[in-house]
Amino acid sequence: MTIAQSAFSTRSCPYGAEALREAALLIRAGEPVAVPTETVYGLAADATDSSAVAAIYSAKGRPSFNPLIVHVADRDMAQRLADFSPVAAKLADRFWPGPLTLVLPVRADSGLSPLVMAGLSTVALRLPAHPAMRALIRESGCPLAAPSANRSGSISPTRAEHVLASLNGKIRMILDEGPTSEGLESTIAAPEADRVRLLRPGPVTAAMLEEATGLPVTTGGDAKIEAPGQLESHYAPSKPVRLDALRAEKDEYLIGFGLMPCHINLSPEADLREAAANLFAALHIADASATPRIAVAPIPIEGIGAAINDRLKRAAA
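All values derive from a computational prediction rather than experimental measurement.

Calculation notes
Residues numbered from 1 in each chain as written. Predicted model: local features only at pLDDT ≥ 70, side-chain atom pairs only at ≥ 80, totals over all residues. Heavy atoms only, no water. Helix = DSSP H or I, 4+ residues; strand = E, 2+ residues; numbered from the N terminus. Buried < 20%, exposed > 50% of the residue type's maximum accessible area, 1.4 Å probe, protein only. Polar contact = N/O pair within 3.5 Å; in protein donor to acceptor, adjacent residues only side chain to side chain. Contact = heavy atoms within 4.5 Å. Pairing = 2+ DSSP bridges. Axes fitted to C-alpha atoms, helices over the stretch in contact; angles between N-to-C directions. Core = buried A, V, L, I, M, F, W, Y, C linked by side-chain atoms within 4.5 Å. Parallel < 35°, antiparallel > 145°, perpendicular 65-115°, else oblique. Left-handed = near helix turned anticlockwise from the far one by under 90°. Nonpolar A, V, L, I, M, F, W, Y, C, P; charged D, E, K, R; others polar.

Our focus in this paragraph is the side chain of Thr187. Mapped onto the elements of the fold, Thr187 is located in strand β9 (residues 187–191). Residue Thr187 is classed as buried on the basis of its relative accessible area of 0%. A polar atom in the side chain of Thr187 sits 2.7 Å from the backbone oxygen of Val204. With residues near it in sequence (within four places) discarded, Thr187 still touches Pro99, Leu100, Thr101, Leu198, Arg200, Pro201, Gly202, Pro203, Val204 and Leu209.

With that settled, consider the pairing of strand β15 (residues 293–296). Where strand β12 (residues 241–242) lies against β15, 2 bridges are found, and the strand directions are parallel. Residue Val241 lies in a different strand from β15, and its bridge partner there is Ile294.

Below, the discussion takes up the pairing of strand β2 (residues 33–36). Here β2 shows no split at all, with Val33 and Val35 on one side and Ala34 and Pro36 on the other all buried. Looking at chain direction, β2 and strand β3 (residues 41–46) are connected through 4 bridges and run antiparallel. When the bridges of β3 are listed, Ala34 appears paired with Leu43. A loop of 4 residues connects β2 with β3, the two strands running antiparallel in sequence.

Glancing now at the environment of Arg28. The topology assignment puts Arg28 in helix α1 (residues 17–28). Along the chain, Arg28 and Gly141 lie 113 residues apart, while their C-alpha atoms are 8.4 Å from each other. Dropping the residues within four chain positions of it, Arg28 is found in contact with Glu139 and Ser140.

Another point: the sheet that holds β15. Here we have 4 strands laid out as an open sheet, ordered β12-β15-β13-β14, and parallel in their pairing. Looking along the sheet, the strands with just one partner apiece sit at the ends: β12 and β14 (264–265). Along the sheet, helix α9 (residues 272–288) makes contact with β13 (252–256), β14 and β15, crossing β13 at roughly 165°.

To continue, consider the nonpolar core. In this structure, Leu100, Leu125, Leu136 and Leu209 are the most contacted members of the largest nonpolar core, which totals 68 residues. Ranked by residues supplied to this core, first place goes to α1 with 6 residues. Beyond its immediate stretch of four places on either side in the chain, Leu136 contacts Leu20, Ala23, Ala24, Ile27, Val35, Leu144 and Leu175.

Packing of α9 against helix α10 (residues 305–316) brings their axes to within 9 Å, and their N-to-C directions diverge by 25°. Viewed along their axes, α9 and α10 adopt a mutual orientation that is roughly parallel. As for how α9 packs across α10, the hand of that crossing is left-handed. Residues Leu272, Ala275, Ala276, Leu279 and Phe280 of α9 form the contact with α10, whose own contacting residues are Gly305, Ile308, Arg311 and Leu312. Looking at the contact of α9 with α10 residue by residue, the classes come out as 7 nonpolar, 1 polar and 1 charged.

The following block contains the structure:
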């Protein structure tokens, strides 16, 4: 009997030694488990097992052309999976562990499931800072493919209850270690000899990438999907979203920024990092409200504001 055919409720377990052991047993049995990272909650499975990776796509309803990020416990594990150029090594030295994913040439002897790369010759790798994710990788004994733990295209989860609302009955277990700290998915970058291509903005900004490498950072260009988070419609609530709203219409739930009348405020002090940490939680609350539409106040584009606006643009698409 497959996971899809079986009837069960998803258990949310407080993170600890016993829950970690149980989660690792599920991973080794080929089942996905929801686990926190510093960015959002991920749906993790053995990245070397095609059946386990297929179970991620099935639980999320994720299109198979959309590649997955592979999470590693340390740099040695990463270097067994991909080739690191000098530029890639600089970025890993500066930002790992942390919210930066590097898209690198996959090694022929990586042992990774081809489903992880979705037909590409590159793999997206991240060394997360969150102790729960790194402990689960070590306890499972394998790199973990882990997209966000939610239905494909819907609002990303920053709390265990968000995962439960989206995937109850689709997976067996959630490791609950409270809300995530960053609140936005990782930055995704493809380092090249003469530039760094920014494929998805996130907590590590373009300016930070440029400062670390001394190279120009470019965006846009190739229209093909080569990393997660590049679909036009993504991170989306079930309701229409209007952006750059200065006030709410009578049928709208207004998500504010800075001092303004609103239903919920991402940051009354207009702090962009606080707004990033609160963004998905606010979208979940707005989506659950009685109003049929959502409006969001203007967010400055500088720094991590670029990543916030990227997520909002895709949520409203």
